[in-house]
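An overview of the molecular structure
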Amino acid sequence: MNNMKNDQEKIETILKDVVEHAANFFNGLEDRAVTNYAYNAPADKLPELGSGAQATLHHFTQYYAAGLSGSAGSRYLGFVTGGSTPASIVGDWLVSIYDQNLSHSKDSIAGAMELATIDMLKELLLISDDYRGTFVSGATMANFVGLAQAREWVAQYYGKSTALDGLFDIPPIKIVSGTPHSSIFKATSMLGIGRKSIHLIPCQEEREAIDIAKLQQFLEDNQQEPCIVVANAGTVNTVDFDDLLAIGELKKRYNFWLHIDAAFGGFAACSPKYLHLVEGINHADSITIDAHKWLNVPYDAAMQFTRDQSLQVSVFKNNAAYLGGSLDNPDFCDLTPENSRRFRALPAWFSLQAYGQNGYQQLIEQNVMLAQQLGQKIDDSSFFTLLAPVRLNVVCFAINHAVLTDETNKQFLTSLNQQGKVFMTPTVYQGVPAIRAAFSNWRTTPDDLAIIWEALTAAMPL
Ligand SMILES: *Cc1c(COP(=O)(O)O)cnc(C)c1O
């Protein structure tokens, strides 16, 4: 205990050291290599006594810090990666110092703050007021919770409960979707529904948006059983959106649970220019929104929204005498897989309070503008081919190469990413080995675009 007690006495000095370290990192983010492949980890073992917080910080700074990536910076365009806003960092640091457990909402004001954050998010994202929302660790978890509700809903149609009886005596559940994210498959696997239960419905020509007529045909052919439709509001390759209004219309005629995965595409609602893309989102029975992507708060945070919280409680209730809860009053621990929960809403609360609707509108519009400009440059260039229109914040393109294979594509990405100026990730789009550049960080500016273009042309020709 000695080191801990010593550190307790020195906490102010220690935290000041951390502030200095953190400010150096934060201010130097654009100068460091965006990704870091060449690092040598020292072979640290569990010490018997340990060296205390300050010496450990020093050791970390010396041997490890340089080996971490600059993924929070302005030119990391891989996957869909946000960067923490300044205010969200404040909130995140305070999460650790206050160290609250949000399994229950009534122990302190923290529960009310989580609910207030959910309300602000509904306003920002134009999700109607009658939805309830809960924080989870990521969009995968939000998809899992939404599909768990859907599974229970299907079971209830057969007069059963999967929460009580398992899946054993209900017919196989059908899930249909156009271009579902990989985490939808993972969720079906975790839920015992099984990856093979996903029926892919063809998309519209040259699109990743579901063909509504073909979806309707499927629903018509399967009228005798309820099913789950996963609509996608922002696909990762080309940020395509299913027609949510049309799917909402189908809901009037057919019996299905509508889950909308709007992990990052949901943020189209922040701008009057793009909000038409998510029109109809309020037809959903459950909605997934990520926070550590376009909300630009630190990992790990996402939200799930639903109107029907009772199904969620059926699945996730955690009743125990010592917890004092009653199922008439379900609390946070009765709504998601977690029981003990960190004060995950606080970074979002800080960021929303600090920057407001306008701050997020600017962030989204700036990212989209830069994506469109990069898309234009690519379209005009003889080195590259733009594979899809830039609908929002992702540019999906291919290199022009005599033999374009996965291998040449990877070679190009290696020579691009190893420059350390920019990071992009591979994909395959309509059978073509392709590259994605996703803009989702508040730090990215037009100056970055110039550097990105320089790096792209330097990597070409192969
Ligand atoms: C990123 C993403 C997910 C998974 O999110 P995690 O936060 O990584 O769990 C799910 N759906 C879509 C559309 C995504 O973009």
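A brief structural summary. Worth saying up front: this structure is predicted, and the values here are computed from it rather than measured.

What counts as what
Residues numbered from 1 in each chain as written. Predicted model: local features only at pLDDT ≥ 70, side-chain atom pairs only at ≥ 80, totals over all residues. Heavy atoms only, no water. Phe/Tyr/Trp six-rings, centres within 6.5 Å; stacked < 30°, edge-to-face > 60°. Helix = DSSP H or I, 4+ residues; strand = E, 2+ residues; numbered from the N terminus. Buried < 20%, exposed > 50% of the residue type's maximum accessible area, 1.4 Å probe, protein only. Lys NZ or Arg CZ within 6 Å of the ring centre and 35° of its normal. Pairing = 2+ DSSP bridges. Polar contact = N/O pair within 3.5 Å; in protein donor to acceptor, adjacent residues only side chain to side chain. Axes fitted to C-alpha atoms, helices over the stretch in contact; angles between N-to-C directions. Parallel < 35°, antiparallel > 145°, perpendicular 65-115°, else oblique. Contact = heavy atoms within 4.5 Å. Nonpolar A, V, L, I, M, F, W, Y, C, P; charged D, E, K, R; others polar. Near = heavy atom within 4 Å. Areas by Shrake-Rupley, 256 points an atom, 1.4 Å probe, with all protein chains shown as cover.

1. Here's the deal with the packing of aromatic side chains
Applying the stated criterion across every chain yields a total of eleven aromatic pairs. Between Phe26 and Trp442, the ring centres sit 6.3 Å apart and the planes meet at 25 degrees, which makes this aromatic pair stacked. Here Phe26, found in helix H2 (residues 11–28), pairs with Trp442, found in the loop between strand S11 (432–438) and helix H14 (446–458); they are 416 residues apart in sequence, far enough to count as distant. According to the relative accessible area criterion, Trp442 is partly exposed, its value standing at 31%. Within the aromatic cluster, the residues linked to one another by ring pairs are Phe383, Phe384, Phe397, Phe412 and Trp453. Over the ring of Phe332 we find Arg341; its NZ or CZ atom is 4.7 Å from the centre of that ring. When the ring centre of Phe26 is taken as reference, the NZ or CZ atom of Arg443 above it lies at 4.6 Å.

2. As for the pairing of strand S10 (residues 425–429)
By the alternation rule, side chains of S10 split into Thr425, Thr427 and Tyr429, which are all buried, and Pro426 and Val428, of which none is buried. Linking S10 to S11, which pair antiparallel, is a turn of two residues; within it Gln430 sits at a positive phi near 50 degrees.

3. Description of the side chain of Ser271
Counting through the fold element by element, Ser271 comes out in the loop between strand S5 (256–261) and strand S6 (286–290). Looking at Ser271, its side chain comes within polar contact range of the side chain of Glu365, at 2.6 Å.

4. Re the packing of helix H6 (residues 139–157) against helix H11 (residues 309–316)
The description of two packed helices rests on the angle between their axes and on the distance between the axes. Two numbers describe how H6 lies on H11: the axes approach to 9 Å, and their chain directions differ by 95 degrees. Here H11 runs roughly perpendicular to H6, going by the angle between their axes. Contacts between H6 and H11 pair Phe144, Val145, Ala148, Gln149, Arg151, Glu152, Trp153 and Gln156 from the former with Leu311, Gln312, Ser314, Val315 and Phe316 from the latter. Of the residues belonging to the contact of H6 with H11, the class tally is seven nonpolar, four polar and two charged.

5. Quick look at the site of the ligand
Taken together, 14 residues sit near the ligand, with Thr140, Asp261, Asp290, His292 and Lys293 positioned nearest. Here a nitrogen atom of the ligand and a side-chain polar atom of Asp261 are 2.7 Å apart. Alone, the ligand offers 380 Å² of accessible surface; in the complex the protein occludes 84% of this. Here the shell around the ligand is composed, by residue class, of four nonpolar, seven polar and three charged.

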